[in-house]
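# Reading the structure
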Amino acid sequence: MRLVVVGADGRMGRMLIRAVAEAEGCTLSAAIEREGSDAIGHDAGTLAGLHPLGVPVTDDPLTAFAACDGVLDFTVPAATVQFAELAAQARIVHVVGTTGLSEDDLAKLRAAAYHARIVRSGNMSLGVNLLAALVQRVAAALGPEFDIEIAEMHHRMKVDAPSGTALLLGEAAAAGRGVDLADVRVSTRDGHTGARRAGDIGFATLRGGSVVGDHSVMFAGAGERITLSHHAEDRSLFAAGAVKAALWAHPKPPGLYSMTDVLGL
């Protein structure tokens, strides 16, 4: 499978290049960066700390997408939407690990999925997606008398909050309760907030240091608490998951898929 990495000079981009180079069943066909990037013209392998791969970094996604089978994308929402349109035109796989997507962005991805095979997830790791499946089951089993709070911590450079993974877990909890997360989500508390509203799903966000990603979902009842947690220690697990998702989606029909589909959860 011929794969393109977009955002090749970013922290995740370099890890994706390494993951593709190390995986069986795929090869790096192109590496893309924004126009004017200092990485343009450099060998993608060298950029990622590997031996040269003979794949220079370019700023021409249109040509790259026309000659590949799939794209790995952990960039920013505006770029991801553009890449989704190109992936739809090329009828290829588009793996999206980008977070901070708006409802309008998601609508555009759903439209692109009529022609592309899009796998989108706030987190590509096996552990997090297993955690989400557990959260959904626990939320359904415990009922509304247990309050749900989601806490997450990431490195100081992360620009969106709550994290995509925290929202993924919130969606799982809401699904377990049979409600829409948008109707029960509480992302900030400040000042005299009054008593907690029954059925709310709360989010707490911490930022600092070099934390890759810590997530906990707490179910707090009268006299007892249940906490489910995941701690990511290496970003390479997200890159490996993205490659796995691309290989899984390659033979599938067009559509919008998630990592729960990829992992059979």
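Calculation rules
Residues numbered from 1 in each chain as written. Predicted model: local features only at pLDDT ≥ 70, side-chain atom pairs only at ≥ 80, totals over all residues. Heavy atoms only, no water. Axes fitted to C-alpha atoms, helices over the stretch in contact; angles between N-to-C directions. Helix = DSSP H or I, 4+ residues; strand = E, 2+ residues; numbered from the N terminus. Parallel < 35°, antiparallel > 145°, perpendicular 65-115°, else oblique. Left-handed = near helix turned anticlockwise from the far one by under 90°. Contact = heavy atoms within 4.5 Å. Nonpolar A, V, L, I, M, F, W, Y, C, P; charged D, E, K, R; others polar. Salt bridge = Lys/Arg side-chain N within 4 Å of Asp/Glu carboxyl O. Buried < 20%, exposed > 50% of the residue type's maximum accessible area, 1.4 Å probe, protein only. Pairing = 2+ DSSP bridges.

Let us now look at the packing of helix 6 (residues 126-142) against helix 7 (residues 164-177). For any two helices packed against each other, the geometry is given by the interaxial angle and the distance between the axes. Relative orientation of the contacting elements helix 6 and helix 7 amounts to 30°, with a least axis distance of 7 Å. Considering their axes alone, helix 6 and helix 7 lie roughly parallel with respect to each other. Viewed along their axes, helix 6 and helix 7 form a crossing whose handedness is right-handed. Within the contact between the two elements, helix 6 uses Val128, Asn129, Leu131, Ala132, Val135, Gln136, Ala139 and Ala140 and helix 7 uses Thr165, Leu168, Leu169, Ala172, Ala173, Ala175, Gly176 and Arg177. Per-class residue counts for the contact of helix 6 with helix 7 are 11 nonpolar, four polar and one charged.

A few words on the pattern of salt bridges. For the coordinates displayed, the defined rule picks out 10 salt bridges. In this structure, Asp147 and Arg196 form a salt bridge, with 3.3 Å as the shortest nitrogen-oxygen distance. With Asp147 in strand 7 (residues 147-154) and Arg196 in the loop between strand 8 (185-186) and strand 9 (201-207), this residue pair connects regions lying 49 residues apart in the sequence. Judged by its relative accessible area of 30%, Arg196 falls in the partly exposed class. Between Arg196 and Glu149 there is a salt bridge, with its nearest N and O atoms 2.7 Å apart. Of this pair, Arg196 sits in the loop between strand 8 and strand 9 while Glu149 sits in strand 7, and the two are 47 residues apart along the sequence. Here the salt bridges share partners, and the residues they tie into one network are Asp147, Glu149, Arg189 and Arg196.

The subject of this paragraph is the sheet that holds strand 9. A sheet is described by the order of its strands in space; here five strands give the open sequence 8-9-7-10-11, paired in mixed fashion. Two strands close off the open sheet at either side, each with one partner strand: strand 8 and strand 11 (224-232). Direction of pairing for strand 7 relative to strand 10 (residues 213-221): antiparallel, over a ladder of seven bridges. Bridge assignment links Glu149 to a residue of strand 10, and that residue is Met218.

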